[in-house]
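# Structural overview for review
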Amino acid sequence: MAPEVVDRPRQPAPWVSASLSDVGLVRSRNEDACIELPEQQVWLVADGMGGHEAGDLASHVVVEQVTRLQPVVRLADRIQQLKDRIEAANAALLAEGRHRGNNVIGSTVAGLLLDGRHAVCVWAGDSRVYRLRDGRLHQLTRDHRWVEEMIDRGVISPDEAQHHPLSNEITRAVGADEALTLAVEMRDLLPGDSYLICSDGLHGEVDDVEIELILKEKRLGDACRALVAAAKRNGARDNVTVIVVQDPR
């Protein structure tokens, strides 16, 4: 008997990506780290907290934990596993901080997980995820910063926040508190979308209009190089890390 032929739904092609991390023009050490896991459809940027001890260690601990992701099928399980890995990094950094005399060794994190019809953002701090759809750029994450909370309460305006003394003070970070609260948001995923994950070394130097233009005009590695170059033209006072994720079709 001939083997039965079974038609199965064609799986969408994995999304493709490129990344670039640069020390910038002022810092002597790169405290950013990033990881691309296209086989898992997971991408992540971590930014070690400037001014704290061992920021480069912090970001690399986050990335190292995420490399331990295992293949799972259900979206809910994939999200939970990513959160578990980041929370494991939180525990490791807290332990290392205690070992070093109760120093804070922390990192922001912004991750993107794609799954069929869904794009999931997981983050803490002010590293960001953006989406480019139909030529329009949209910030999917919301910074965990003191000034954002003051804007929400009506204490200051968005314009005032840009020049506020606490403009760079974040309220959440991996390694900062025993109980890490990760933000998670799910959005619809459409063919033709592009995504950008970046540290504040990019969005702190380059406005959304220029970021949008670069993502519209360039693909993958060229887009990464153009984004970092734009940050450098504007001073690149911090490390700059970007990941661009695009539909392969």
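The numbering scheme is per chain: residues are counted from 1 as the chain's sequence reads. This being a predicted model, a pLDDT of at least 70 is required before a residue's local features are given, and a value of 80 or more before pairs of side-chain atoms are given or counted; all residues contribute to the totals for chains, interfaces and linings. Calculation of side-chain values draws on the structure's entire complement of heavy atoms; hydrogens and water are dropped beforehand.

The biggest cluster of nonpolar side chains holds 28 residues, and the ones touching the most others in it are Leu-44, Val-66, Leu-82, Ile-86, Val-109 and Val-174. The dominant element in this core, judged by the number of residues it contributes, is helix α2 (residues 75–99), at 6 residues. In terms of nonpolar packing, the next biggest core, distinct from the first, is built from 23 residues, Leu-196, Leu-220, Ala-223 and Ala-230 among them. Residues belong to one nonpolar core when they are buried, are Ala, Val, Leu, Ile, Met, Phe, Trp, Tyr or Cys, and are joined through side-chain atoms within 4.5 Å. Relative accessibility under 20% of the residue-type maximum defines a buried residue, over 50% an exposed one, and the middle range a partly exposed one, all with a 1.4 Å probe and only protein chains included. In this text, helices come from DSSP runs of H or I with a minimum length of four residues, and strands from runs of E with a minimum of two, each type numbered from the N-terminal end.

Once that is clear, we can look at the sheet that holds strand β1 (residues 16–22). Pairing between two strands requires that DSSP report at least two bridges joining them. An order of β1-β10-β9-β6-β7 is seen for the 5 strands of this open sheet, with the pairing classed as antiparallel. Edge positions in the sheet fall to β1 and β7 (136–139), since each has one partner strand and no second. If you compare each strand with its neighbour and ignore which way they point, the axes differ by 20 degrees on average. With 7 bridges connecting them, β1 and strand β10 (residues 240–246) associate as antiparallel partners. Bridge assignment links Val-16 to a residue of β10, and that residue is Gln-246. Note on contacts: a residue pair is in contact if any heavy atoms of the two residues lie within 4.5 Å. Lines are fitted to the C-alpha atoms to define the axes, a helix being fitted only along its stretch in contact, and any angle between axes, read from their N-to-C directions, falls within 0 to 180 degrees. In the packing of helix α6 (residues 208–217) onto the sheet, contacts are made with β6 (128–133), β7, β9 (194–198) and β10, and the angle to β7 comes to roughly 125 degrees. Seen against the sheet, helix α7 (residues 220–233) touches β1, β9 and β10 and runs at an angle of roughly 25 degrees to β1.

The next subject is unusual backbone geometry. Positive phi, normally seen in glycine, also occurs at Asp-134, with a value near 55 degrees. By secondary structure assignment, the location of Asp-134 is in the loop between β6 and β7. Notably, Ala-236 is not glycine yet its phi reads approximately 40 degrees, a positive angle. Here Ala-236 is to be found in the loop between α7 and β10.

Pairing of strand β2 (residues 32–37) with strand β3 (residues 42–48), which is carried by 6 bridges, proceeds in the antiparallel orientation. Among the inter-strand pairings, Ile-35 is bridged to a residue of β3, identified as Leu-44. If you look at the hairpin formed by β2 and β3, you'll find 4 residues sitting between the two strands, and Gln-41 has a positive phi there, around 55 degrees.

Let's shift gears to empty space enclosed by the protein. With a 1 Å grid spanning the protein atoms alone, the term cavity applies to any set of points in which a 1.4 Å probe fits but cannot get out, the term pocket to an open set with protein on both sides within 12 Å along at least five of seven lines, and the term lining residue to any residue with an atom within 4 Å of a point. Grid points are joined across faces, edges and corners, and a volume is the space filled by probe spheres set on the points. A complete count under the given rule lists 1 cavity of 30 Å³ or more for this structure. In this model, the largest cavity occupies a volume close to 50 Å³. Gln-40, Val-42, Leu-69, Gln-70, Val-72, Arg-78, Gln-81 and Leu-113 are the residues that line the largest cavity. The residue inventory of the lining of the largest cavity, partitioned by class, reads 4 nonpolar, 3 polar and 1 charged. Each residue gets one of three labels, nonpolar for Ala, Val, Leu, Ile, Met, Phe, Trp, Tyr, Cys and Pro, charged for Asp, Glu, Lys and Arg, and polar for the others, Gly among them.

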